[in-house]
Amino acid sequence: MMCDFLFSLVCTGEIFELKAELNSDKKEKKKEAVKKVIASMTVGKDVSALFPDVVNCMQTDNLELKKLVYLYLMNYAKSQPDMAIMAVNTFVKDCEDPNPLIRALAVRTMGCIRVDKITEYLCEPLRKCLKDEDPYVRKTAAVCVAKLHDINAQLVEDQGFLDTLKDLISDSNPMVVANAVAALSEIAESHPNSNLLDLNPQTINKLLTALNECTEWGQIFILDCLANYTPRDDRESQSICERVTPRLSHANSAVVLSAVKVLMKFMEMLPKDLDYYGTLLKKLAPPLVTLLSAEPELQYVALRNINLIVQRRPEILKHEMKVFFVKYNDPIYVKLEKLDIMIRLASQANIAQVLAELKEYATEVDVDFVRKAVRAIGRCAIKVEQSAERCVSTLLDLIQTKVNYVVQEAIVVIKDIFRKYPNKYESVIATLCENLDSLDEPEARAAMIWIVGEYAERIDNADELLESFLEGFHDESTQVQLQLLTAIVKLFLKKPTETQELVQQVLSLATQDSDNPDLRDRGYIYWRLLSTDPVAAKEVVLAEKPLISEETDLIEPTLLEELICHIGTLASVYHKPPSAFVEGSRGVQHKRLPGSSAAGVSEAPPAVIPSQGDLLGDLLNLDLTPPTTTGPPPPASSGMQMGAMDLLGGGLDSLVGLLNTVLSEAVSLRSSFNVPVSGGLDDLFDLGGGVGMPMGVFNPPKTVWLPAMKAKGLEISGTFVRRAGVIQMEMTLTNKAMSVMTDFAIQFNRNSFGLAPAGPLQVLTPLSPNQSIEAALPLSTVGPVMKMEPLNNLQVAVKNNIDVFYFSCQYPISMLFAEDGKMERQVFLATWKDIPNDNESQFQIKDCHLNSDAASNKLQGSNIFTIAKRTVEGQDMLYQSMKLTNGIWVLAELRVQAGNPNYTVSTVLVVLAVFKSYFSNTNQNE
């Protein structure tokens, strides 16, 4: 206690001495006093009591003293806001000082004093500095606007500083331009919805001009701004790339990575057959290679960015494999990253070189590195099929070394090779079994047990091998216990007579003696399957497994796109989006490469896809992000997109043929509604269903649209329905793969009737293996139009976290019949008379045993309305109308003869414009 008292006395005495020196008439003594104050402040002493005395020292021409006082002000202004107001007059005065350094110092300090009471007094000095004749002052003032915006955004907007900042982009000095861009970018990050950086070709040209002359950090600001711009076309994209390319040779690695980011983004818009595209690929490789000659920390950052680049465009570095070979003195974090990139670049051309290198690494002394090298050999086998045999041979050589951890890693990767290439390399099983006793790691033991269980019929003593694991069942890890349970059940299903006791023993251990719920539940499932239905058990346990692929190690495509847009930032080092590690809303905007809607790209009209089977045309460029629209689709306008579809050049003829097919084949389905019509059309009229059937549109059963074997385990079955005027695509998504599926999105190619998703594909929970989820997607009919063959063909792209998959399906034409398809009687009769005979098509419906009233009721349920009925010579004639969602009307005459099961149908198609003309003529006559 006494010590604290004495210390406070000393401090009080020291402050008294400093106060006296600060008020001295001698300039040198005053400067020394301020230095002492700053020194005390730096070591944590409270010298706030000297605030008024220090502020008085601002009235000086000495630049060094002024800097020290401003430093003190920045530190204590927040704790002494009332006293800080005393300095306002000095700031105002200093902003008009003849010396530009003092003007800039004043405006910089103003931006750093975060006190609300002072900010309003600083607006006028800041406005003058933004228009100062000296560029050094202007560039400092530009940054001050961003700082002031962080303190009081509304004040900055009201004072018009943002507009002044935008004007500075056109400044003649490149550093002023760079700082203005940096300030606007920072403000835009905190206000993502504001359009502060309104980038256009003129602005971009100014930025590119300034890029060549400003400092390295100014170049980074400008390059980052350019990366947010989306060129109008490939020509503009190429022009920007040509002007950014010289930055690749800059000495600062941050400038190089920012330039790479811009080029990677704009390359998306360049046609691959363009000569410049190949030239640009060649230019990108040398600067990336040069980054690997820096110190290890910079190497690591460069390697993490290169890892992203080679996943997106491996062709850039495909000839540079040697630079990623590990050096003896590389730190472990650099070694592991190089190893990962080597695998990504491995191809049939360089696999021999890579394998030789990996085999060498497997004899190193660093255990973690050796393990990774052995796993890399397995990944090469999975990636490059032609090298699989050589990889297996290399792994067998490593097993012969008898180094424990090498053997165990080799067994784990061989299991994956068996999964990738079943029934191809099983001859090595005997060698693996020889090393059974040396396995002590859970993953290796589980892998070996899986191999024994999977190929039990080829291993004579499989039961003895598995029984040896069973002896210490309770001491094993959960991973091994689960694998052992499944392996013994597999063995029992393959050799039931020899292994009954063994399977009973393992089931008893799993269900009665285990506390692990996962193990117990799996045991009970197997027990009940085996006891109730052995055939079903065999189908479940011994089912064909999906093949694994190298792609499981790749970053999910949507995330990869976002990370490419963040090259040169922490996101590209963490391999996580900024939203995963940046707190709050600042800096978490999701970015996309050109070609997705989040990037704001207006895509060019896609080319016509030549054949139904080839869906890789323009579907590859579709936006697969969820649509922003929610709720039911908007009603189709009468004149929608009719010009986009060649109605008179084959479109109408095709539609007539389609309707005729529907009508003529409708009756063939009357006895079994679950049989789809050839070509994907369903029982449109449901005429044979009987009068007692409920009215309404026939909802066809679901059919498999996308089989699991063509979509890496994702199976999609579905159908189309129309409910309450809304067309819906009802789907069942089933995961038959081994990994969880997330991030589902859907998009359609242009089609005959403009069908498009009216909302996102709602799959709210991850789709686990062997799980199914029902999803209903509302559809609108206001999408882009392109004539398809057949007309009702729909080409679909579905994306998830694994890949993008493509399929085609056919929707029933009845889904397009609108509820307002009942035509006025007068209009119908007048139009029917005026239509030429060439537009009429006739055909017969056979074997339909409904009278005319029952048929009319049935058809009305599908929005096919009876306008008039007359009887001629014992034959009922129904005159009907229906309206498609795109404004085309279909008129039909249905002839029904009592006692005759065959109907005759005449159909005609009319574009809505015909009726508009009729109504206008009627009005004029009246």
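All residue numbers refer to positions counted from 1 along the written sequence of the respective chain. Two thresholds apply to this predicted model, a pLDDT of at least 70 for residue-level local features and 80 or more for giving and counting side-chain atom pairs, whereas whole-chain, interface and lining totals are computed over all residues. Based on all heavy atoms of the structure, the side-chain values leave hydrogens and waters out of the count.

As recorded in an unreviewed UniProt entry, the chain goes by the name AP complex subunit beta, listed as coming from Sander lucioperca. UniProt positions are given in the numbering used here, feature names are shortened, and annotations may be inferred rather than shown by experiment. One UniProt comment on the chain, placed under Sequence similarities (unreviewed entry), says "Belongs to the adaptor complexes large subunit family." Its UniProt record gives the chain a comment under Subcellular location (unreviewed entry), which states: "Endomembrane system".

Trainee: Any chance you could break down the overall build of the chain for me, citing the residues and the numbers?
Mentor: A helix here means a DSSP run of H or I that spans at least four residues, while a strand means a run of E at least two residues long, and both kinds are numbered starting from the N terminus. Helix and strand counts for the chain come out as 36 helices and 13 strands. When burial is assessed residue by residue, the chain has 53% of its 926 residues classed as buried. In what follows, residue pairs with any heavy atoms lying within 4.5 Å of each other are defined as contacts. Look at the contacts in the chain between residues 6 or more apart in sequence, and 67% of them connect residues 24 or more apart. For the chain, the accessible area works out to roughly 42700 Å², and carbon and sulfur atoms hold 50% of it. Relative accessibility under 20% of the residue-type maximum defines a buried residue, over 50% an exposed one, and the middle range a partly exposed one, all with a 1.4 Å probe and only protein chains included. With residues, only the protein chains shown are counted as cover, and all accessible areas are computed by Shrake-Rupley using a 1.4 Å probe.

Trainee: Run through the sheet that holds strand 2 (residues 714-723), naming residues and quoting values.
Mentor: Ordered in space as 1-2-3-6-5, the five strands form an open sheet in which the pairing is antiparallel. Edge positions in the sheet fall to strand 1 (703-706) and strand 5 (756-757), since each has one partner strand and no second. Pairing between strands is defined by DSSP: at least two bridges between the two strands are required.

Trainee: Could you give me a rundown of the side chain of Ser 572, with the residues and numbers involved?
Mentor: Take Ser 572: it is sitting in helix 32 (residues 570-574). In this view, Ser 572 contacts Arg 304, Asn 305, Leu 308, His 566 and Ile 567; residues no more than four positions away in its chain are not counted.

Trainee: Outline the sheet that holds strand 8 (residues 804-810), listing residues and values.
Mentor: Pairing is antiparallel across the open sheet formed by three strands, whose spatial order is 4-7-8. Every interior strand has two partners, whereas the edge strands, strand 4 (745-748) and strand 8, have only one. Along the sheet, successive strands turn relative to each other by an average axial angle of 25°, direction set aside. Relative to strand 8, strand 7 (residues 793-799) is paired through seven bridges, and the arrangement is antiparallel. If you follow Val 798 over to strand 8, its bridge partner there is Phe 805. Lines are fitted to the C-alpha atoms to define the axes, a helix being fitted only along its stretch in contact, and any angle between axes, read from their N-to-C directions, falls within 0 to 180 degrees.

Trainee: Describe helix 7 (residues 100-112), and please don't skip the residues or the numbers.
Mentor: If you check helix 7, its first and last C-alpha atoms are 19 Å apart, about what 13 residues at 1.5 Å a residue would give, namely 18 Å. Among the residues of helix 7, Ile 102, Arg 103, Ala 104, Leu 105, Ala 106, Val 107, Thr 109, Met 110 and Gly 111 are the ones counted as buried. Backbone nitrogen of Leu 101 and a side-chain oxygen of the N-cap are separated by 2.9 Å at the start of helix 7; the cap is Asn 99. One less than the residue count of a helix, multiplied by 1.5 Å, gives the span that helix is expected to have. Definition of a polar contact: a pair of N or O atoms within 3.5 Å, with one able to donate and the other able to accept a hydrogen when the atoms are protein atoms, and with sequence-neighbouring residues admitted only if both atoms are side-chain atoms.

Trainee: So what's going on with the packing of aromatic side chains? Which residues, and what values?
Mentor: Any pair of Phe, Tyr and Trp rings, taking the six-membered ring for Trp, is counted once the centres come within 6.5 Å. Such a pair is stacked with planes under 30 degrees apart, edge-to-face with planes over 60 apart, and tilted for the rest. For the structure on display, the rule yields 11 aromatic pairs. Plain terms: the ring middles of Tyr 421 and Tyr 425 are 6.1 Å apart, the flat faces sit at 85° to each other, and that makes the pair edge-to-face. When the centroid spacing of 6.4 Å and the interplanar angle of 80° are considered together, the rings of Phe 753 and Tyr 811 count as edge-to-face. Remark: Tyr 811 occurs in the loop between strand 8 and helix 34 (825-834) and Phe 753 occurs in the loop between strand 4 and strand 5; sequence separation between them is 58 residues. Each member of the pair, Phe 753 as well as Tyr 811, carries the same accessibility label: buried. Among the aromatic residues, those joined into a ring-pair cluster are Trp 705, Phe 720, Phe 753, Phe 807 and Tyr 811. A ring has a charge above it when a Lys NZ or an Arg CZ is no more than 6 Å from the ring centre and no more than 35 degrees off the ring normal. For the cation-ring pair, Lys 335 lies above Phe 369, with the distance from its terminal atom to the ring centre recorded as 5.2 Å.

Trainee: I'd like to hear about the nonpolar core, residue by residue, with values.
Mentor: The biggest cluster of nonpolar side chains holds 209 residues, and the ones touching the most others in it are Tyr 72, Phe 91 and Phe 418. Residues contacting Tyr 72, with those up to four places away along its chain left out, are Val 37, Ile 38, Met 41, Val 47, Ser 48, Leu 50, Phe 51 and Val 54. Side-chain atoms within 4.5 Å are what join buried Ala, Val, Leu, Ile, Met, Phe, Trp, Tyr and Cys residues into a set we call a nonpolar core. Core analysis: the second largest hydrophobic core is formed by 45 residues, Phe 720, Leu 755, Val 763 and Leu 777 among them.

Trainee: Tell me about the pattern of salt bridges, and please be specific about residues and values.
Mentor: Salt bridge, as used here, is a side-chain nitrogen of Lys or Arg placed within 4 Å of a carboxyl oxygen of Asp or Glu. A complete count under the given rule lists 33 salt bridges for this structure. Here Asp 224 makes a salt bridge to Lys 261, at a shortest N to O gap of 2.9 Å. Of this pair, Asp 224 sits in helix 14 (residues 216-226) while Lys 261 sits in helix 16 (residues 253-267), and the two are 37 residues apart along the sequence.

Trainee: Give a detailed account of the packing of helix 13 (residues 201-211) against helix 14, specifying residues and quantitative values.
Mentor: Think of two packed helices as two axes; the pair is described by the angle between the axes and how far apart they sit. Contact geometry for helix 13 and helix 14: axes closest at 10 Å, N-to-C directions at 150°. It follows that helix 13 is roughly antiparallel to helix 14 by the angle criterion. In the crossing of helix 13 with helix 14, the sense of the turn from one axis to the other is left-handed. Contacts between helix 13 and helix 14 involve Ile 204, Leu 207, Leu 208, Ala 210 and Leu 211 from the former and Gln 219, Ile 222, Leu 223, Cys 225 and Leu 226 from the latter. Residues of the contact of helix 13 with helix 14, tallied by class, amount to nine nonpolar, one polar and no charged. The cut-offs work like this: below 35 degrees is roughly parallel, past 145 is roughly antiparallel, 65 to 115 is roughly perpendicular, and the gaps in between are oblique. When the near helix sits turned anticlockwise from the far one by under a right angle, the crossing is termed left-handed; a clockwise turn instead gives a right-handed crossing. Any residue that is not Ala, Val, Leu, Ile, Met, Phe, Trp, Tyr, Cys, Pro, Asp, Glu, Lys or Arg is counted as polar, Gly included; the first ten are nonpolar and the last four charged.

Trainee: Give me unusual backbone geometry: which residues, what numbers.
Mentor: A cis amide bond links Glu 789 to the next residue, Pro 790, at an omega of -5°. Take Pro 790: it is sitting in the loop between strand 6 (772-780) and strand 7. In the Ramachandran plot, Lys 402 falls in the positive-phi region, its phi being about 65° despite a non-glycine side chain. Counting through the fold element by element, Lys 402 comes out in the loop between helix 22 (388-399) and helix 23 (404-420). Positioned with a positive phi, Lys 712 is a non-glycine residue whose angle comes to about 55°. Among the secondary structure elements, Lys 712 is positioned in the loop between strand 1 and strand 2. A relative accessible area of 32% means that Lys 712 is categorised as partly exposed.

Trainee: Account for the environment of Pro 201, with residues named and values stated.
Mentor: With respect to the element layout, Pro 201 can be found in helix 13. The exposure class assigned to Pro 201 is partly exposed, which follows from its relative accessible area of 25%. For Pro 201 and Thr 230, which are 29 residues apart along the polypeptide, the C-alpha to C-alpha distance reads 9.9 Å. With residues near it in sequence (within four places) discarded, Pro 201 still touches Tyr 229, Arg 232 and Glu 236.

Trainee: Explain the packing of helix 27 (residues 478-494) against helix 30 (residues 534-541) to me, and be specific about the residues and the numbers.
Mentor: Contact geometry for helix 27 and helix 30: axes closest at 10 Å, N-to-C directions at 125°. By the angle between their directions, the pair helix 27 and helix 30 is classed as oblique. Crossing of helix 27 over helix 30 shows left-handed handedness. In this structure, helix 27 uses Val 489, Lys 490 and Leu 493 to contact helix 30, whose residues at the interface are Pro 534, Ala 537, Lys 538 and Val 541.

Trainee: Can you break down a negative patch on the surface residue by residue, with the values?
Mentor: To count toward a patch, a residue needs a relative accessible area over 30% and no salt bridge; like charges are then connected within 9 Å, while nonpolar side chains (Val, Leu, Ile, Met, Phe, Trp, Tyr) are connected within 5 Å. Only four residue types enter the charge count: Lys and Arg as positive, Asp and Glu as negative, with His and the chain ends excluded. Charge positions come from single atoms, namely NZ of Lys, CZ of Arg, CG of Asp or CD of Glu. Together, Glu 464, Glu 467, Glu 471 and Glu 501 make up a region of like negative charge exposed at the surface. Relative to the helices and strands, Glu 501 resides in helix 28 (residues 500-511). For Glu 501, a relative accessible area of 68% translates into the label exposed.

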